[in-house]
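This is what each chain is made of:
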Amino acid sequence: MTTTPLQPTARTSLRRSKERAATDRQALTDVLMDGMFCHLGVVVDGDPLVLPTAYGVDLERGPDGTLYLHGSVAARSVVAAPEQTVCVTVTHTDGLVLARSAFHHSVNYRSAVVFGVPRLVDDPDEKLHGLNRIVDHLVPGRSTAVRPPNRKELAKTSVLALSLTEASVKIRTGPASDDEQDLDLPYWAGVIPLRTVAGEPEDNPDCDLLVPAHVRTRAAILGAPS
């Protein structure tokens, strides 16, 4: 795993609120590992297309780590992506920031943006590795607790690999930033914290097995009641 700080480029340099930039590569790792889905931005037939996409991360593959993106072989976005620079984003909304003035309302968030030209993974071993990373990203340990994909299923599935070399991270935390002349106004200011919370795992109607430990662990990490 590289510890090289994020190197700003023309595409990743912040132009507004520069103080919110995080250049530590660990900040990028944290945003990616805490996320569940990303948004893949790609141009298809001359039009922009942004799609929610499942992903996985391998910090040991490539000089700066690799992001694996899941798709169908028939998806236009997957077909078009390896021929161009794409933009992948991951965003966490951590709180609604309520100020005394409408103008200073904001959001506490953590976001990552990754640019690059992805490659279509055609090596069978890496393709299976990438799919396992994607499955385990949502529920760690899941890929070894299910039937692996067969040849037909693999043929229907595409995996894109995108280097994490060109990326930026932007973070906002803390209370509202009201103008000094507004501090005495009779309006409440503060933050409504937000987080993703899981419920208790629910059995499939045709499954009478005990919920496995890795599923309960993941649910508990996401705040499911014990």
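Residues numbered from 1 in each chain as written. Predicted model: local features only at pLDDT ≥ 70, side-chain atom pairs only at ≥ 80, totals over all residues. Heavy atoms only, no water.

Asks: Which residues make up helix H1 (residues 25–34), and what are the values?
Replies: Residues of H1 that are buried: Arg25, Ala27, Leu28, Thr29, Val31 and Leu32. Structurally, H1 contributes buried residues whose contacts are with strand S1 (21–22), strand S3 (47–58), strand S5 (86–98), strand S6 (106–116), helix H3 (124–138) and strand S9 (166–172). Two or three places before Gln26, at the start of H1, stands the capping residue Asp24, its side-chain oxygen 3.0 Å from that residue's backbone nitrogen. (Buried < 20%, exposed > 50% of the residue type's maximum accessible area, 1.4 Å probe, protein only. Helix = DSSP H or I, 4+ residues; strand = E, 2+ residues; numbered from the N terminus. Contact = heavy atoms within 4.5 Å. Polar contact = N/O pair within 3.5 Å; in protein donor to acceptor, adjacent residues only side chain to side chain.)

Asks: Could you give me a rundown of the pattern of salt bridges, with the residues and numbers involved?
Replies: Inspection of the entire model under this criterion finds twelve salt bridges. The closest approach of N and O atoms between Arg61 and Asp58, which form a salt bridge, is 3.8 Å. Take Asp58: its relative accessible area is 4%, and that puts it in the buried class. A salt bridge links Arg100 to Asp178; the nearest nitrogen and oxygen atoms lie 2.8 Å apart. You can see Arg100 sitting in the loop between S5 and S6 and its partner Asp178 sitting in the loop between S9 and strand S10 (190–193), a full 78 residues away along the chain. Among the residues examined, Arg100 registers a relative accessible area of 25% and is labelled partly exposed. Relative accessible area serves as the criterion here: at 15%, Asp178 is assigned to the buried category. Through salt bridges that share partners, Asp58, Arg61, Arg119, Glu126 and Arg133 make up one connected network. (Salt bridge = Lys/Arg side-chain N within 4 Å of Asp/Glu carboxyl O.)

Asks: Provide a residue-level description of helix H5 (residues 213–221), including the pertinent values.
Replies: Residues of H5 that are buried include every one of His214, Arg218 and Ala219, and no others. The buried residues of H5 occupy an angular sector of 135° when projected down its axis, which confines them to one face. Tucked inside the fold, the buried residues of H5 contact H3. Just downstream of H5 lies Gly223, where phi reads positive at about 95°. (Arc of directions from axis to C-beta.)

Asks: So, a nonpolar patch on the surface: which residues are in play, and what are the values?
Replies: Judged by side-chain polarity, Leu96, Val107, Ile192 and Leu194 come together as a nonpolar surface patch covering roughly 270 Å² of accessible area. Relative to the elements of secondary structure, Leu194 occurs in the loop between S10 and H5. (Patch = residues over 30% accessible without salt bridge, like charges linked within 9 Å, V, L, I, M, F, W, Y side chains within 5 Å. Areas by Shrake-Rupley, 256 points an atom, 1.4 Å probe, with all protein chains shown as cover.)

Asks: So what's going on with the side chain of Glu166? Residues and values would help.
Replies: Looking at the element boundaries, Glu166 is found in strand S9. Assessed through its relative accessible area of 15%, Glu166 is described here as buried. Setting aside residues up to four positions removed in sequence, Glu166 forms contacts with Thr9, Arg11, Thr12, Val113, Val114 and Phe115.

Asks: With reference to specific residues and values, describe the nonpolar core.
Replies: The biggest cluster of nonpolar side chains holds 28 residues, and the ones touching the most others in it are Leu28, Leu67, Leu69, Val88, Leu164 and Val169. Residue contacts for Leu28: discarding those within four places in its chain leaves Leu6, Ala112, Leu164, Ala167 and Val169. (Core = buried A, V, L, I, M, F, W, Y, C linked by side-chain atoms within 4.5 Å.)

Asks: Could you give an account of the pairing of S6, naming the residues involved and the relevant values?
Replies: Within a regular strand, the side chains alternate between the two sheet faces. In the sheet, S5 pairs with S6 via eleven bridges, with the strands oriented antiparallel. Its bridge partner being in S6, Val97 is matched across the sheet by Ser106. Looking at chain direction, S6 and S9 are connected through seven bridges and run antiparallel. Pairing of Val114 across the sheet is with Ala167, part of S9. (Pairing = 2+ DSSP bridges.)

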